[in-house]
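What follows is the residue order along each chain.
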Amino acid sequence: MATTRRLGIALSLTAALALISTGSAQAEPTVPEHAVIVCDSASFYTNYDSSSGPVGLKRTLPRGDKVGHTRGAHPVYNGWAATFDFGPNDWGFVRQECLGGFGSW
């Protein structure tokens, strides 16, 4: 009985050490690169559905609105780019061609 208990403790410690040594599998967050809306106005949607397109219009962003999108890191689906609106501090989707002026502010 004592041998079984010691074996169980040894296996538990081995499993714990294995988990600690593997580290975290989570990726580091990517801070949005500063950009601005370059279209006269841009529709800002809550989400993007691959079968139907943009979903849930949040608001319309005016030209010059300060937003963020990191090219190559944040998703773009059929020309709709995941974008962070720095004004109200929320995420949504806008047309990729309406993003410009990267790093300008």
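Placed above this text is the structure.
Summary of the structure given here. The structure presented is a predicted model; accordingly, all values stated were derived computationally and were not measured. (Residues numbered from 1 in each chain as written. Predicted model: local features only at pLDDT ≥ 70, side-chain atom pairs only at ≥ 80, totals over all residues. Heavy atoms only, no water.)

Attention shifts here to unusual backbone geometry. Its identity as a non-glycine residue notwithstanding, Asn 78 has a phi of 50 degrees, on the positive side. Despite not being glycine, Asn 89 shows a phi value in the positive range, around 60 degrees. You can see Asn 89 is positioned in the loop between strand S6 (80-85) and strand S7 (90-95). (Helix = DSSP H or I, 4+ residues; strand = E, 2+ residues; numbered from the N terminus.)

Here we come to the pairing of S6. Two faces make up the sheet, and in a regular strand the side chains alternate between them. Of all six residues in S6, six are buried, a share of seventy percent or more. The alternating pattern of S6 places Trp 80, Ala 82 and Phe 84 and Ala 81, Thr 83 and Asp 85 on opposite faces, both of which are buried. As paired elements, strand S4 (residues 66-68) and S6 share two bridges and run antiparallel to each other. Across the sheet, the residue bridging to Gly 68 is Phe 84, located in S6. As defined by bridge partners, strand S5 (residues 76-77) adjoins S6 across two bridges and the pair is classed as antiparallel. Paired with Val 76 across the two strands is Ala 81, which belongs to S6. Counting the residues that bridge the hairpin from S5 to S6 gives two residues, and of these Asn 78 lies at a positive phi of roughly 50 degrees. (Buried < 20%, exposed > 50% of the residue type's maximum accessible area, 1.4 Å probe, protein only. Pairing = 2+ DSSP bridges.)

Its location among the elements puts Thr 83 in strand S6. For Thr 83, a relative accessible area of 0% gives the class buried. Linking Thr 83 and Thr 70, residues 13 residues apart in sequence, is a C-alpha distance of 8.5 Å. In contact with Thr 83, other than residues within four places in its own chain, are Phe 44, Val 67, Gly 68, Asp 90, Trp 91, Gly 92, Val 94 and Leu 99. Engagement of the side chain of Thr 83 in a polar contact is seen with the backbone oxygen of Ala 81, the distance being 2.9 Å. (Contact = heavy atoms within 4.5 Å. Polar contact = N/O pair within 3.5 Å; in protein donor to acceptor, adjacent residues only side chain to side chain.)

Where S6 lies against S7, six bridges are found, and the strand directions are antiparallel. Counted as the bridge partner of Ala 82 is Phe 93 from S7. Connecting S6 to the antiparallel partner S7 that follows it, the hairpin turn spans four residues, and Asn 89 within it adopts a positive phi of roughly 60 degrees.

Of all hydrophobic cores here, the largest spans eleven residues; its members are Ala 35, Ile 37, Cys 39, Ala 42, Phe 44, Leu 61, Val 67, Ala 81, Val 94, Cys 98 and Leu 99. If you list the elements that add at least two residues to this core, you get strand S1 (34-37) and strand S2 (41-49). Those residues in contact with Ile 37, other than ones at most four positions away along the chain, are Ala 42, Leu 61, Pro 62, Arg 63, Gly 64, Asp 65, Val 67, Cys 98 and Leu 99. Counting residues in each nonpolar core, the second largest holds five residues, with Tyr 45, Tyr 48, Ala 82 and Phe 93 among its members. (Core = buried A, V, L, I, M, F, W, Y, C linked by side-chain atoms within 4.5 Å.)

The values reported here are purely geometric and, on their own, carry no functional implication.
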